[in-house]
Amino acid sequence: MTQKRYVVKGSVAETMDLIKFSQPANDLVFEELRSFGEFQQGMLTYEQSALRPGSHTSLFIVVHDFNHVTEVTMITTGGSGTLFNIDWGAAKGIVSGVKSSLKPVLINEVKMPD
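Computed from a predicted model, the values in this text were never measured in an experiment.

### Focus on the overall build of the protein chain
Step number 1: Tallying secondary structure elements over the protein chain gives 2 helices and 6 strands in all.
Step number 2: Reading the helices (α) and strands (β) of the protein chain from amino to carboxyl end gives β-α-β-β-β-β-α-β.
Step number 3: Taken over 114 residues, the protein chain has a buried fraction of 33%.
Step number 4: Partitioning the contacts of the protein chain with sequence separation of at least 6, the portion at a separation of at least 24 is 54%.
Step number 5: Carbon and sulfur atoms make up 56% of the accessible area of the protein chain, which totals about 6,900 Å².

Shown next as structure tokens:
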């Protein structure tokens with residue numbers, strides 16, 4: 001499992017569009033944008049299948065502006081096999097692809113609790 005959080009410039013909707021544009025090879029399985037008064041929260045969920053049988057990675061992305069700052073939180077799950085949940089680097093790859101797309105609007109990375 002990989003967890004990352006970033007503070008970015010721009011609105012929640014703009015950030016979600018930027019992320020969606022960066023993920024053409026992955027299947028978008030859920031998308032939602034909700035408003036809570038003056039604040040917004042968006043969620044994107046992707047699934048990536050690998051060539052190895054039974055191997056997959058899921059990416060959950062939450063984008064919100066609850067503190068008048070837009071934050072992006074990414075969490076990956078998945079792996080391969082039924083006995084051992086081995087990642088083979090897919091989680092880091094999918095997260096680094098999203099981070100690359102955020103570079104033009106990236107302000108800083110927030111330390112996530114272990």
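### Quick word on the environment of Gln23
Step number 1: Relative to the elements of secondary structure, Gln23 occurs in the loop between helix H1 (12–21) and strand E2 (27–36).
Step number 2: In the structure, Gln23 is positioned 78 residues away from Ser101 in sequence and 9.2 Å away in space, judged by C-alpha atoms.
Step number 3: Ignoring anything within four residues of it in the chain, the contact list for Gln23 reads Tyr46, Ile94, Gly97 and Val98.

### With respect to the packing of aromatic side chains
Step number 1: Taken as a whole, this structure holds 2 aromatic pairs when the rule is applied.
Step number 2: The interplanar angle of 70 degrees and the centroid separation of 5.8 Å between the aromatic rings of Phe36 and Phe66 together place this pair among those described as edge-to-face. Residue Phe36 is found in strand E2, and its partner Phe66 is found in the loop between strand E4 (56–64) and strand E5 (70–79); the two are separated by 30 residues along the sequence.
Step number 3: Judged by relative accessible area, which is 38%, Phe36 ranks as partly exposed.
Step number 4: Ring centres of Phe39 and Phe66 lie 6.2 Å apart, and the angle between their planes is 80 degrees; this geometry places the pair in the edge-to-face category. Of this pair, Phe39 sits in strand E3 (residues 39–49) while Phe66 sits in the loop between E4 and E5; the two residues are 27 residues apart in sequence, bridging distant segments of the chain.
Step number 5: An aromatic cluster is defined as three or more aromatic residues linked by ring pairs; in this entry it consists of Phe36, Phe39 and Phe66.

### Here we look at unusual backbone geometry
Step number 1: Here the phi dihedral of His68 falls at roughly 60 degrees; this positive angle occurs in a residue that is not glycine.
Step number 2: Looking at the secondary structure, you find His68 in the loop between E4 and E5.

Criteria and cut-off values
Residues numbered from 1 in each chain as written. Predicted model: local features only at pLDDT ≥ 70, side-chain atom pairs only at ≥ 80, totals over all residues. Heavy atoms only, no water. Helix = DSSP H or I, 4+ residues; strand = E, 2+ residues; numbered from the N terminus. Buried < 20%, exposed > 50% of the residue type's maximum accessible area, 1.4 Å probe, protein only. Contact = heavy atoms within 4.5 Å. Areas by Shrake-Rupley, 256 points an atom, 1.4 Å probe, with all protein chains shown as cover. Phe/Tyr/Trp six-rings, centres within 6.5 Å; stacked < 30°, edge-to-face > 60°.

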